[in-house]
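Chain and residue survey
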Amino acid sequence: MAWLAPHEGRPGRPPVFSDAAIQFCLSVKVLLKLPLRQTSGMVASLLRLAGLNWSVPDFSTLCRRQRTLTVQIPCSRVDGPLNLLVDSTGIKFLGDGEWQARKHGVQGRRQCQWRKVHLAMEKATSDIRAVEFTPSSDGDSPILPELLGQIPKDEQIGTVTADGAYDTRRCHKAITERRAIPIIPIRKNGRAWKEDCPAAMARNETLRATKHYGRAFWKHWTGYHARSRVEAKMRCLKAFGERIAAKDPDRQTAEIHVRIAILNRFNALGTAETIRVA
């Protein structure tokens, strides 16, 4: 890892620290839940213990570089097509907690504000392969094509598993265009679509199978219940904190990406194997 940024020959003062150094400092901040000032001191202590006489970015440099940082998210390659599990969750960044709001009421600008994190997790490796960070007013289904667009074209997608909120024409079309199989339950009031495209035909097949065999059997037959693993991954994402510290949208996005990079790195180190005994 290069700690200092290379000189690119462009006009103006070049950056002193590389993106990898900034991401390392922000990873320490997220792991230990530290403010930026304490993060600089912790990184300086770690470098001193390692016997490295390197300079450390101060808190203002970390804050400024976080806004434009492109976080490198590691992921493991799998043999065969990807089986993606898709879901979203909300995360707070401003406002009082639930208990204080119930006890004392919402006070002026301290009303809770939150944003949505959309994830696409690979079933075999539990790595997060795609992420989108949107305002709380955005729905789930419009974001699925953007999540699939983050998967390289040379990687084949086998299945996409999501809940009934993604039972829309836009989602089914995006999945079919990637030559994947959608595992999306039909909404309870869902009706057959006009079969004017392959996506509508595949969706109507799911509707007929659900009506013939029942919703519970269809979920068990297609392996839909594996989607609960991405819900567990949401809990892991919030283990670093129920709210994000940054207030700017660009810095919030970088903070979420740093959390995901840490989770994928943990998966690379090793995951527990669960064996059914009874």
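Going by the structure above, here's the rest.
Predicted model only: the values in this text are computed from it and were never measured.

Criteria and cut-off values
- Residues numbered from 1 in each chain as written.
- Predicted model: local features only at pLDDT ≥ 70, side-chain atom pairs only at ≥ 80, totals over all residues.
- Heavy atoms only, no water.
- Axes fitted to C-alpha atoms, helices over the stretch in contact; angles between N-to-C directions.
- Helix = DSSP H or I, 4+ residues; strand = E, 2+ residues; numbered from the N terminus.
- Parallel < 35°, antiparallel > 145°, perpendicular 65-115°, else oblique.
- Left-handed = near helix turned anticlockwise from the far one by under 90°.
- Contact = heavy atoms within 4.5 Å.
- Pairing = 2+ DSSP bridges.
- Core = buried A, V, L, I, M, F, W, Y, C linked by side-chain atoms within 4.5 Å.
- Buried < 20%, exposed > 50% of the residue type's maximum accessible area, 1.4 Å probe, protein only.

Where helix 1 (residues 19–32) meets helix 2 (residues 36–49), the closest approach of the two axes is 9 Å, and the angle between their N-to-C directions is 110°. If you check the angle between helix 1 and helix 2, you find them roughly perpendicular. Where helix 1 crosses over helix 2, the handedness of that crossing is right-handed. Taken together, the residues of helix 2 that come into contact with helix 1 (itself represented by Phe-24, Cys-25, Leu-26, Val-28, Lys-29 and Leu-32) are Leu-36, Thr-39, Met-42, Val-43 and Leu-46.

As for its position among the elements, Thr-39 is in helix 2. With residues near it in sequence (within four places) discarded, Thr-39 still touches Cys-25, Lys-29, Leu-34 and Leu-62.

What holds strands together in a sheet is hydrogen bonding between their backbones, with the strands either parallel or antiparallel. Pairing is mixed in the open sheet, where five strands are placed in the order 3-2-1-4-5. Pairing within the sheet leaves two strands with one partner each, and these edge strands are strand 3 (128–135) and strand 5 (181–183). Across the sheet, the mean angle separating the axes of adjacent strands is 25° when strand polarity is ignored. Relative to strand 2 (residues 113–122), strand 1 (residues 82–94) runs antiparallel, the two sharing 10 bridges. What sits directly across from Asp-87, in strand 2, is Leu-119.

What follows covers the nonpolar core. One finds Trp-3, Val-117, Leu-119, Ile-256 and Ile-260 to be the most contacted residues of the largest nonpolar core, which totals 32 residues. Listed by contribution, the elements that provide at least two residues to this core are helix 1, helix 2, strand 1, strand 2, strand 3, helix 9 (228–238) and helix 10 (249–269). Sort the elements by how many residues they give to this core and helix 10 lands first, with seven residues. The next biggest cluster of nonpolar side chains, apart from the first, holds 20 residues, and it includes Val-78, Val-86, Ala-120 and Cys-171.

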